[in-house]
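Coordinate inspection notes
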Number of protein chains: 2
Amino acid sequence: MASPVNPPRGMRDFLPADKARREFVLGVIRRVYASHGFDEIETPVVEDSARLNSGLGGDNEKLGYAVLKRGLTLDDFRSAESALDLADLGLRFDLTVPLARFYASHRAELPSVFRSIQLAPVWRAERPQKGRYRQFVQCDIDIIGEPSALAEVELLVATSATLDALGLVGCSIRINDRRLLTSMLEALGFPADEHASALITIDKLDKVGVQGVTDELSDRGFSDTAVGELAAFLSGYGARTIDEKRATVDAITSALPAGVDAVVIGELAALADAVVASGIDRDLLEFDPFLVRGMGYYTGAIFEVAHPDFGYALGGGGRYDGMIGRFLGTDVPATGFSLGFERIVDLVELPETETQDAVVLLHDDVDFATLAALKTALIARGARVRLARRPRNAKSLLEQLAASGFTQFASVTAETRTVDDLELKPIR
Amino acid sequence: MASPVNPPRGMRDFLPADKARREFVLGVIRRVYASHGFDEIETPVVEDSARLNSGLGGDNEKLGYAVLKRGLTLDDFRSAESALDLADLGLRFDLTVPLARFYASHRAELPSVFRSIQLAPVWRAERPQKGRYRQFVQCDIDIIGEPSALAEVELLVATSATLDALGLVGCSIRINDRRLLTSMLEALGFPADEHASALITIDKLDKVGVQGVTDELSDRGFSDTAVGELAAFLSGYGARTIDEKRATVDAITSALPAGVDAVVIGELAALADAVVASGIDRDLLEFDPFLVRGMGYYTGAIFEVAHPDFGYALGGGGRYDGMIGRFLGTDVPATGFSLGFERIVDLVELPETETQDAVVLLHDDVDFATLAALKTALIARGARVRLARRPRNAKSLLEQLAASGFTQFASVTAETRTVDDLELKPIR
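Residues numbered from 1 in each chain as written. Chains lettered and ligands numbered in written order. Predicted model: local features only at pLDDT ≥ 70, side-chain atom pairs only at ≥ 80, totals over all residues. Heavy atoms only, no water.

Our focus in this paragraph is the overall build of chain A. Along chain A, the regular secondary structure elements total 15 helices and 16 strands. Burial status across chain A gives 56% buried among its 428 residues. In chain A, of all internal contacts separated by at least 6 residues, the share reaching a separation of at least 24 is 70%. Accessible surface for chain A amounts to roughly 17,900 Å². Of this, 50% is attributable to carbon and sulfur atoms. (Helix = DSSP H or I, 4+ residues; strand = E, 2+ residues; numbered from the N terminus. Buried < 20%, exposed > 50% of the residue type's maximum accessible area, 1.4 Å probe, protein only. Contact = heavy atoms within 4.5 Å. Areas by Shrake-Rupley, 256 points an atom, 1.4 Å probe, with all protein chains shown as cover.)

Laid out in structure tokens, this is it:
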């Protein structure tokens, strides 16, 4: 069977160098988030189909991979009205729906304020394209049970520390609040039942510009007055540094006819002050009064990590108070922040220093007992050891192994008895 | 929707303490295998359905979870003759079939002898029971491209070092060779085309005893002479230490009418000598002339890790030369060893020493900026820090947090300004 042997469409294998890079980055993220008091958990990669399709996943539900029930018969196929009749499980498309299910299962065993870390793959059957994969890792932290903005502060500080630890310089975190957007739309005369729809258009600001947004809103029948006032805003207030935050907020407040929520602005300002008090570079934070974020479940503060070199976000999150409690039938305050691992992993520079000796033992036909004893002796001294039969072109092999982090080599011959007989030489 | 909120049947959530234990054990395994010159790789959790059902997975193929094609119509359901018509992907049921596919995809990019590590979950729709799960982690190392028993030596030494590093004392590794079994069955008069079937029965020796095996073989119509000679063997030679290996082999050789392969015995002896030369405790290795191992693809040496406290194997492996090259259409020598992570993780004792300070900051309504600054200052000193609103019963909260590894606490009040104002006290 010499058929094509690629991984499934849109999915990837990771060779040793890639896998090492991924584990290194995951290790840094895991360590920093743990330092900030978060606890790692894990859920199965599949969840019950009904739960995945309960409406909490937004558009991602349509991208789900469904898992067939076991033991189906021809009759089952004949009588099926939709895929959901044949599937009882699905691969998770995010880590938030599983977290809501996990929290409902284990609430009694968890602290009253639960800070979770999830570093795990998710699956979406999107059209594959550069940088977009059908299996990809998300790095989520969530704080469940904390109603105050202290949760947002902890999320932002922990995320900023993680970006620092990964050496990702030049990132900014844009901040806004869904309630502020709502107040603004209200004040500008957008009808309440059209807010969600207007926000979908405003969310495209980065891509289509002010003209694009106002054109689309006009086309969709919003009043000229409302659209015109919004256009004035959009032109006037781009992303601001945290130092300009209050001025911006004041400008919005005074410019709006009425109704912007002073409480929300106060919270946002306190949040920003606390983040700055924790020693984070002032330039990291930007107040962006037009940041929307895609998911419909956000109810308060929203964040997005941007990097000047990239036209896409490296992560984002916000407060989503209505959702975690859905499977419990009760309200539970919640905030979360998700880092786009697949984008970040390519940006991180691995540290050059190998902390461990890495030795290649080049050998011909030497008895196995000698090779095994030599290898064990070197490992006992702290080295990583690779046996390699001496090829015709040892230079080329050693170059390959240098690329895998091996730093020294020694030749084993029929005369070699103990590790003291080895002459270790640097590779290159 | 207050429906039941359990994870899918037979699958598990991991709460923080469990997850930490799992990551610790995985970290040890990863580190030791890497020291022994193995390279970690990763493949997608799903593979093409046709590949998973190509016959390499043995009985496990029947336990596969199938993933529905996307965009199926009613017509597709009506015309489907089997689940395979509706599914294009499946969750992997082992790490060996994906490794064969990976090797076929990437052979040109890999060293000529490739030593792989895979630490990853697999899925089998087995009837759930105690200690058996539908999603579970396997820890596989494989050496591809090495035809000599040097591969077996490296696998056994690396596995033994891993068991040591995990503190799993008292384990033994039983060794046999499929070719020896075949020679024995031949010599005893079992027809060649019935060997596989006879081995399935002999594999039950540990469970049903000598009488059970001979009864089953007789019932299945094997000749009384053959069954009788086998029974004599089974009664005479149980598992032996490595020191008794040669005597046992000699006994088998002299007792058999004819045909036992001297080359195989020589290889097995050399393998055992090399393992012992690498400093492994002699008692670890046992030659077991009746060890079979379940999978049909083994072609040479086979191993199994046993622990005296448990009636099941903690891992196993062997040489399977015919399989890895199947997707390439060429023969590639291969050996592998798989540790049963789910069984091992429960046996490992975590080290008691917390290397990191872990501090709880108990607070009332203190401004967020102060809390954020205090937390950051403690983290900068190397601590893991958890904020916790002071509850009525602080003692009970601190006890919970002590169980999560927190060792110190301090109270934050409205008067606290800097970290120097904190009075850190040990918990308990």
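Take the interface of chain B and chain A next. Contact with chain B, which involves 98 residues of that partner, is made by 97 residues of chain A. Roughly 8,100 Å² is buried in total at the junction of chain B and chain A, and carbon and sulfur atoms are behind 59% of that figure. Our count for the contact surface shared by chain B and chain A stands at 16 salt bridges. Its salt-bridge partner being Glu81(A), residue Arg78(B) comes within 4.0 Å of it at the nearest N-O pair. Run the count over chain B and chain A and you get 39 residue pairs in polar contact (both at pLDDT 80 or more). Sort the elements by how many residues they give to the side of chain B that touches chain A and helix 14 (residues 368-380) of chain B lands first, with eight residues. In terms of residue class, the side of chain B that touches chain A is built from 52 nonpolar, 19 polar and 27 charged. (Buried area = accessible area lost by both parts, 1.4 Å probe. Salt bridge = Lys/Arg side-chain N within 4 Å of Asp/Glu carboxyl O. Polar contact = N/O pair within 3.5 Å; in protein donor to acceptor, adjacent residues only side chain to side chain. Nonpolar A, V, L, I, M, F, W, Y, C, P; charged D, E, K, R; others polar.)

All names here are of chain A. Partitioning chain A into domains gives domain 1 (8-169 + 307-352), domain 2 (172-291) and domain 3 (358-426). Summarising the inter-unit geometry, the C-alpha centres of domain 1 and domain 2 are found 27 Å apart. Taking both partners together, domain 1 and domain 2 bury about 700 Å²; carbon and sulfur atoms supply 86% of that area. Where domain 1 packs against domain 2, one counts zero salt bridges. Our enumeration of links across domain 1 and domain 2 arrives at zero residue pairs in polar contact (both at pLDDT 80 or more). (Domains from an automatic or database assignment.)

Time to look at the packing of aromatic side chains. Here the structure, examined in full by the defined rule, presents twelve aromatic pairs over all chains. Pairing Phe303(A) with Phe337(A) gives two aromatic rings, centres 5.5 Å apart and planes at 10 degrees, and the pair type is stacked. Residue Phe303(A) is located in strand 10 (residues 301-306), and its partner Phe337(A) is located in strand 12 (residues 334-340); the two are separated by 34 residues in the primary sequence. Its relative accessible area of 1% is what places Phe337(A) among the buried residues. Geometrically, the ring pair formed by Tyr33(B) and Phe38(B) is tilted, given 6.1 Å between the ring centres and 55 degrees between the ring planes. The residues Tyr33(B) and Phe38(B) share a single accessibility class, namely buried. (Phe/Tyr/Trp six-rings, centres within 6.5 Å; stacked < 30°, edge-to-face > 60°.)

A few words now on helix 9 (residues 205-219) of chain A. All names here are of chain A. Its 15 residues give helix 9 an end-to-end C-alpha distance of only 16 Å, which falls more than 12% under 21 Å, the value for a rise of 1.5 Å per residue. Of all bends in helix 9, the biggest is about 75 degrees, found at Gln211. One or two positions beyond helix 9, positive phi appears at Gly221, with a value near 90 degrees. (Expected span 1.5 Å × (residues − 1). Bend = angle between axes of the 7 residues up to and from the residue.)

Time to look at the relation of the copies chain B and chain A. With an RMSD of 0.1 Å, the fit of chain B onto chain A corresponds to turning through 180 degrees and sliding 0.0 Å along the axis. Taken together, the turn and the small shift mark the pair as related by a two-fold rotation axis. (Least-squares fit on C-alpha atoms with pLDDT ≥ 70 in both.)

All names here are of chain B. Read across the open sheet, the four strands follow the order 14-13-15-16; overall the sheet is mixed. Here the strands that pair on one side only, and so sit at the sheet edges, are strand 14 (384-389) and strand 16 (425-426). By the bridge criterion, two bridges tie strand 15 (residues 408-412) to strand 16 in an arrangement that is antiparallel. Bridged to Gln408 within strand 16 is Pro426. (Pairing = 2+ DSSP bridges.)

Residue and element names in this part refer to chain B. The buried fraction of strand 12 (residues 334-340) amounts to six of the seven residues, a majority that puts the element mostly inside the structure. Across seven bridges, strand 6 (residues 135-144) lies against strand 12 in antiparallel orientation. Its bridge partner being in strand 12, Ile141 is matched across the sheet by Phe337. With five bridges connecting them, strand 11 (residues 315-319) and strand 12 associate as antiparallel partners. Bridge assignment links Gly315 to a residue of strand 12, and that residue is Leu339.

Looking at the element boundaries, His36(A) is found in the loop between helix 1 (16-35) and strand 1 (39-40). Overall, His36(A) belongs to the buried group, its relative accessible area being 5%. What His36(A) contacts, discounting residues up to four positions off in sequence, is Glu154(A), Val157(A), Ala158(A), Ala161(A), Lys375(B), Ile379(B) and Val385(B).

Glancing now at the environment of Leu422(B). By secondary structure assignment, the location of Leu422(B) is in the loop between strand 15 and strand 16. Filtering out sequence-adjacent residues up to four positions away, Leu422(B) remains in contact with Leu361(B), Leu374(B), Leu378(B), Ala410(B), Ser411(B), Val412(B) and Thr416(B).

The next subject is the environment of Leu166(A). All names here are of chain A. Positionally, Leu166 belongs in the loop between helix 6 (150-165) and strand 7 (172-177). The buried category is assigned to Leu166, whose relative accessible area is 4%. Residues Leu166 and Leu350, spaced 184 residues apart in sequence, show a C-alpha to C-alpha distance of 8.9 Å. Leu166 has contacts with Val25, Val28, Ile29, Ile344 and Val348, leaving out every residue within four places of it along the chain.

Another aspect to go through is the confidence of the model for chain A. All names here are of chain A. On average, residues of chain A score 87 in pLDDT, and 92% of them reach the 70 mark or higher. Taken together, the stretch residues 239-243 has pLDDT below 50 and engages in 14 contacts with residues farther than four places along the chain or on a different chain. In this model residues 255-260 is a low-confidence stretch, pLDDT under 50, and it forms 13 contacts with partners more than four residues away in sequence or in other chains. Interface confidence in the predicted complex, given as ipTM, is 0.91; pTM for the same model is 0.91. (pLDDT = per-residue confidence, 0-100.)

This next bit is on the sheet that holds strand 15 (residues 408-412) of chain A. All names here are of chain A. Across the sheet, which stays open at both edges, the four strands sit in the order 14-13-15-16 with mixed pairing between neighbours. Each having just a single partner strand, strand 14 (384-389) and strand 16 (425-426) make up the two edges of the open sheet. The sheet contacts of helix 15 (residues 394-403) involve strand 13 (358-363), strand 14 and strand 15, and relative to strand 13 the element is tilted by about 155 degrees. (Axes fitted to C-alpha atoms, helices over the stretch in contact; angles between N-to-C directions.)

With that out of the way, let us pick up the pairing of strand 14 of chain A. Counting buried positions along strand 14 of chain A gives five out of six residues, so the element sits mostly inside the fold. Read as a crossover between parallel neighbours, the route from strand 13 of chain A over helix 14 (residues 368-380) of chain A to strand 14 of chain A is right-handed. (Right-handed = clockwise from strand over helix to strand, strands pointing away.)

So, on to the pattern of salt bridges. Side chains that carry opposite charge are capable of pairing whenever their charged atoms lie near each other. By the definition in use, this model includes 60 salt bridges over all chains. Put simply, Glu154(A) and Arg115(A) hold a salt bridge, and the shortest N to O gap is 2.9 Å. Of the two residues, Glu154(A) sits in helix 6 while Arg115(A) sits in strand 5 (residues 114-123), which places them 39 residues apart along the sequence. Judged by relative accessible area, which is 4%, Glu154(A) ranks as buried. The residue Glu216(B) makes a salt bridge to Arg220(B) at a minimum N-O spacing of 3.6 Å. Through salt bridges with shared partners, a single network forms among Lys19(A), Glu23(A), Arg30(B), Glu40(B) and Glu42(B).

This paragraph deals with the side chain of Glu47(B). The residue Glu47(B) is located in strand 2 (residues 46-48) in this model. The contact partners of Glu47(B), leaving out residues within four places of it in the chain, are Pro8(A), Leu52(B), Asp88(B), Leu89(B), Gly90(B), Pro98(B) and Arg101(B).

Moving on, we get to the packing of helix 7 (residues 178-187) of chain B against helix 8 (residues 195-202) of chain B. Residue and element names in this part refer to chain B. Here helix 7 crosses helix 8 at 105 degrees, and the two axes come no closer than 11 Å. In terms of axis orientation, helix 7 runs roughly perpendicular to helix 8. Here Arg178, Leu181, Thr182, Leu185 and Glu186 of helix 7 come into contact with helix 8, specifically with His195, Ala198, Leu199 and Ile202. Here the contact of helix 7 with helix 8 is built from residues that sort into five nonpolar, two polar and two charged. (Parallel < 35°, antiparallel > 145°, perpendicular 65-115°, else oblique.)

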